[in-house]
Amino acid sequence: DGSELVEVNNYVRSNQADPNEKTFGLAEDRNLIVVSMESLQSFVLNNDMNGHEVTPFLNSLTNDKDTFYFSNFYHQTGLGKTSDSEFLVENSLYGLGGGAVFFTHGENTFHSMAERLNDEGYFTNVMHANKKSFWNRDMMYQSLNIQKFYDVMSYDVNDDNSVNWGLKDIPFLEQSVDLMTDMPQPFYSRLITLTNHHPFTLDEEDMLIPEYDSNSGTLNRYFQSVRYMDESLKIFFDDLKEKGLYDNSIIVMYGDHYGISENHNAAMSQYLGKEITPYESAKLQSVPMFIHIPNSGAGEEVSEISGQIDLRPTILHLLGVETNKDMQLGADIFSEDHEEFVINRNGGFITEDYVYAGNTCYENGSGIEVDVENCQTYIDRATQELGYSDKIINGDLLRFYDLKTGNLLIDETKESAK
Ligand code: GP9
Ligand code: MN
């Protein structure tokens, strides 16, 4: 009967973070372009591989005058991988612990970012050159109120422009910009790249740097494949400029989840020159995040510890959309009230002082093991917050929530009789 929503609502309202006046509305009325960068982890940024720069374009954005670069940002996905990251972005809720929420709860009621922006007059869509049913997207996107899904059928795909999982990122992004020129504005387009996906294979002509030289073919190819994606993003920005879509847009880009699993720790240890402890593994879950606002001059590095759960409120506030009635678990990263506390789907977390991973509490920075007592308050809060997220999903509780008024659509008399 939705009565569980009372407690969840109290939690969400008491953790509400007000917008920052300086950034609220900074990108008002612009098109919103969100790019999911497949399998991109932060360790390749501002780093080289045997003397080769891996991400020259993204590196240039880390100190660009129009770009906020979030250098302490983490993915929070579980088994649902890309789809979990999409879920986090749209709903500011966590995916599930036991499987992909896109599959298990694709018919729930949600109040997505797409729904919010559609109410503000945006044309909302997702662009991704894969079969529409992959990750149950065709069903879930209806529940997320995404107006149009430009799936593989919207793209010109052939042997020459495909590799690995399908259409290569350069032609994918190029054709996507062409499709954007026909969209009503303002639009919200969420683009999902694909080439930099395991097993990270490329055509010879797209290998812009050599492979690495470890005993892991996966890691060796990863650098090359990331280098290709970096190139595709550079071309994407140029295409947007050429088609007149750049100046009036805000471009958000984030890594969706890790690309190199713990099976490659030996090779990673060779590359990074240190042992990969559970502490290091937790820190390696950092993914790049950029918010590029052309001609704003507002860019800077943001070192606040934050995660994918925070994307939705951060983006909506930049667009000048209030979120004080949204049933969200993240917070605007620019807000004074944003807390440096990133929860992983597995119950681990990262704060300014501590990293909790593999049931062990480490000091953040030194990586030294400390008494678990130090982490206990946060362990409890992580459990509580993941629990509330699970409750919302498993009980389909947003059925009972009126986003416009913030009212709970439940029988209050029954509630007070308890
Ligand atoms: C598939 C793409 C990759 O369409 O999003 O999914 P992943 O395996 O990374 O979750
Ligand atoms: Mn992915």
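Calculation notes
The numbers attached to residues start from 1 for each chain and follow its sequence in the written order. Going through the entries in the order they are written, you letter the chains from A and number the ligands from 1. It should be noted that, the model being predicted, local features are given only for residues of pLDDT at least 70 and side-chain atom pairs only at 80 or more, the latter also being counted only at that level, while totals for whole chains, interfaces and linings use all residues. Note that water and hydrogens are dropped before the side-chain values are worked out from all heavy atoms of the structure. A patch consists of residues whose relative accessible area exceeds 30% and which take part in no salt bridge; residues with like charges are grouped when within 9 Å of each other, and nonpolar side chains (Val, Leu, Ile, Met, Phe, Trp, Tyr) when within 5 Å. Here the Shrake-Rupley method, with its probe set to 1.4 Å, supplies the accessible areas, and only the displayed protein chains count as covering residues. Think of a salt bridge as a Lys or Arg side-chain nitrogen and an Asp or Glu carboxyl oxygen that are within 4 Å of each other. When charges are counted, Lys and Arg are positive and Asp and Glu negative, with His and the chain ends excluded. Where a charge lies is defined by one atom per residue type, namely NZ (Lys), CZ (Arg), CG (Asp) and CD (Glu). To qualify as a helix, a DSSP run of H or I must reach at least 4 residues; to qualify as a strand, a run of E must reach at least 2; elements of each kind are numbered from the N terminus. Exposure is judged per residue with a 1.4 Å probe applied to protein chains only, and the accessible area is read against the type maximum: over 50% gives exposed, under 20% gives buried, and values in between give partly exposed. Orientation is described by axes fitted as lines to C-alpha atoms, over the contacting stretch for helices, and by angles from 0 to 180 degrees between their N-to-C directions. Reported orientations rely on four angle classes, namely roughly parallel under 35 degrees, roughly antiparallel over 145, roughly perpendicular from 65 to 115, and oblique for the rest. Here a crossing is taken to be left-handed if its near helix is turned anticlockwise relative to the far helix by less than a right angle, and right-handed if that turn runs clockwise. Should any heavy atoms of two residues lie within 4.5 Å, those residues are counted as being in contact. Just so you know the grouping, Ala, Val, Leu, Ile, Met, Phe, Trp, Tyr, Cys and Pro go in nonpolar, Asp, Glu, Lys and Arg go in charged, and all remaining residues, Gly too, go in polar. UniProt positions are given in the numbering used here, feature names are shortened, and annotations may be inferred rather than shown by experiment. Donor atoms (N, O, S) are those found within 2.8 Å of the metal centre, with the cutoff raised to 3.2 Å for Na, K and Ca; water is not part of the atom list, so apparent gaps in a site can occur. Tetrahedral means four donors with every angle between 85 and 135 degrees, whereas square planar (four donors) and octahedral (six donors) require angles over 155 degrees between opposite donors and between 65 and 115 for all others; sites fitting neither are termed irregular.

1. Some points on a negative patch on the surface
Taken together, the side chains of Asp18, Glu322, Glu336 and Asp337 present a region of like negative charge at the surface. With respect to the helices, strands and loops of the structure, Glu322 is situated in the loop between α11 (311-318) and β15 (341-343).

2. Topic: the pattern of salt bridges
Note on pairing: side chains with opposite charge can pair once their charged atoms come close. Under the counting rule described, the total for this entry stands at 19 salt bridges. In this structure, Arg227 and Asp230 form a salt bridge, with 3.9 Å as the shortest nitrogen-oxygen distance. Of this pair, Arg227 and Asp230 are both found in helix α8 (residues 217-242), three residues apart, which corresponds to roughly one turn of the helix. Asp230 carries the same exposure label as Arg227, and that label is buried. Where salt bridges share partners, they join Glu86, Glu90, Arg137 and Arg190 into one cluster.

3. A short note on the packing of helix α7 (residues 169-180) against α8
Each packed pair of helices is defined by two parameters, the angle between the axes and the distance between the axes. At a minimum axis separation of 8 Å, α7 and α8 run at an interaxial angle of 20 degrees. Here α8 runs roughly parallel to α7, going by the angle between their axes. The handedness of the crossing between α7 and α8 comes out as right-handed. Each of Asp169, Ile170, Pro171, Leu173, Glu174, Val177 and Met180 in α7 lies in contact with α8, whose residues at this interface are Tyr228, Met229, Glu231, Ser232, Leu233, Ile235, Phe236, Asp239 and Leu240. A breakdown of the residues in the contact of α7 with α8 according to their chemical character gives 11 nonpolar, one polar and four charged.

4. Details of the UniProt feature "domain: Sulfatase N-terminal" (unreviewed entry) in the chain
The positions that UniProt labels "domain: Sulfatase N-terminal" (unreviewed entry) are, in the present scheme, residues 30-321. Counting secondary structure, residues 30-321 comes out at 33% helix and 17% strand; the distance between its end C-alpha atoms is 12 Å.

5. Examining the coordination of the manganese ion (ligand 2)
Taken together, Glu38 (OE), Glu38 (OE), Thr82 (OG1), Asp256 (OD) and His257 (NE2) make up the full set of protein donors to the manganese ion (ligand 2), lying 2.0 to 2.3 Å away. Classification of the site at the manganese ion (ligand 2) rests on its six donor atoms, whose angles at the metal span 56 to 167 degrees, yielding the label irregular. Read from N- to C-terminus, the donor residues coordinating the manganese ion (ligand 2) fall into the pattern E-x43-T-x173-D-H. In this pair, Thr82 sits in helix α3 (residues 81-91) while Asp256 sits in the loop between β11 (249-255) and α9 (265-272), placing the two residues 174 residues apart along the sequence. Side by side, Thr82 and Asp256 carry an identical accessibility label, which is buried.

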